[in-house]
Amino acid sequence: VAFAEAQVGKGYCYAGTGPSCFDCSGLTMTAWGSAGVGMSHFSGAQYDEFPHIPMSALQPGDLVFTSDPGQHVGIYVGGGTVVHASNPNGHPGVTTIGVDYFSLAARP
């Protein structure tokens with residue numbers, strides 16, 4: 001969570017894994033990688049790689065996904081907030097957003 005929060009304000013770039021820009025799954029992959037957990041660089045694969053949990057059971061660090069997990073992923077940081085890297089057509093770069101945008105979750 002600390003790694004993800006430290007990236008807020010950095011830019012978005014397709015297939016980005018930092019340090020200056022990220023895409024959504026690159027942010028989650030790099031954040032969890034900093035904690036020693038490996039995962040694929042695709043949101044749909046990340047959803048498939050870990051146990052699914054109900055949104056009501058979220059804990060900081062859990063991965064959250066839109067209704068189509070192949071479209072977007074973020075990291076739940078607590079307090080109803082998610083850090084995510086959105087595409088240039090949405091909020092630019094790494095930002096925070098409310099968890100209500102997401103509907104699926106997995107726990108690495």
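Model, not experiment: these values are computed from the prediction.

Novice: I keep staring at the sheet that holds strand E3 (residues 52-53) and nothing clicks. Help me out?
Specialist: Sheet strands pair by backbone hydrogen bonding; their relative direction is either parallel or antiparallel. With antiparallel pairing, the six strands of this open sheet are ordered in space as E3-E8-E4-E5-E6-E7. For this open sheet the edge positions go to E3 and strand E7 (93-98), each flanked by a neighbour on one side alone. Of the pairings in the sheet, the one linking strand E6 (residues 81-86) to E7 comprises six bridges and is antiparallel in character. In the strand pairing of E7, Val83 is matched with Thr96.

Novice: I tried to follow the side chain of Gln46 on my own but got confused; where do I start?
Specialist: Mapped onto the fold, Gln46 is located in helix H3 (residues 43-49). According to the relative accessible area criterion, Gln46 is buried, its value standing at 0%. A distance of 3.1 Å separates the side chain of Gln46 from the backbone oxygen of Ser25, its partner in a polar contact. At 2.8 Å, the side chain of Gln46 forms a polar contact with the backbone oxygen of Ser40. Apart from residues no more than four positions distant in its own chain, Gln46 is found in contact with Ser25, Thr28, Met29, Met39, Ser40, His41, Leu63, Phe65 and Val73.

Novice: Mind showing me how you'd approach unusual backbone geometry here?
Specialist: Backbone phi values are negative for most residues with the exception of glycine, while trans is the configuration of most peptide bonds. Omega for the bond connecting Gly18 with Pro19 falls within 30 degrees of zero, at 5 degrees, which places this linkage in the cis form. Mapping Pro19 onto the fold places it in the loop between strand E1 (11-12) and strand E2 (21-22). In the Ramachandran plot, Ala15 falls in the positive-phi region, its phi being about 65 degrees despite a non-glycine side chain. Following the sequence through the fold, Ala15 ends up in the loop between E1 and E2.

Novice: I tried to follow the packing of aromatic side chains on my own but got confused; where do I start?
Specialist: The geometry of two aromatic rings is summed up by the distance between their centres and the angle between their planes. Applying the stated criterion across every chain, the model contains two aromatic pairs. Seen from their ring centres, Tyr47 and Phe65 are 5.1 Å apart, and the 75 degrees between their planes marks the pair as edge-to-face. Of this pair, Tyr47 sits in helix H3 while Phe65 sits in strand E4 (residues 63-65), and the two are 18 residues apart along the sequence. One exposure class covers both Tyr47 and Phe65, and it is buried.

The rules behind the values
Residues numbered from 1 in each chain as written. Predicted model: local features only at pLDDT ≥ 70, side-chain atom pairs only at ≥ 80, totals over all residues. Heavy atoms only, no water. Pairing = 2+ DSSP bridges. Helix = DSSP H or I, 4+ residues; strand = E, 2+ residues; numbered from the N terminus. Buried < 20%, exposed > 50% of the residue type's maximum accessible area, 1.4 Å probe, protein only. Polar contact = N/O pair within 3.5 Å; in protein donor to acceptor, adjacent residues only side chain to side chain. Contact = heavy atoms within 4.5 Å. Phe/Tyr/Trp six-rings, centres within 6.5 Å; stacked < 30°, edge-to-face > 60°.

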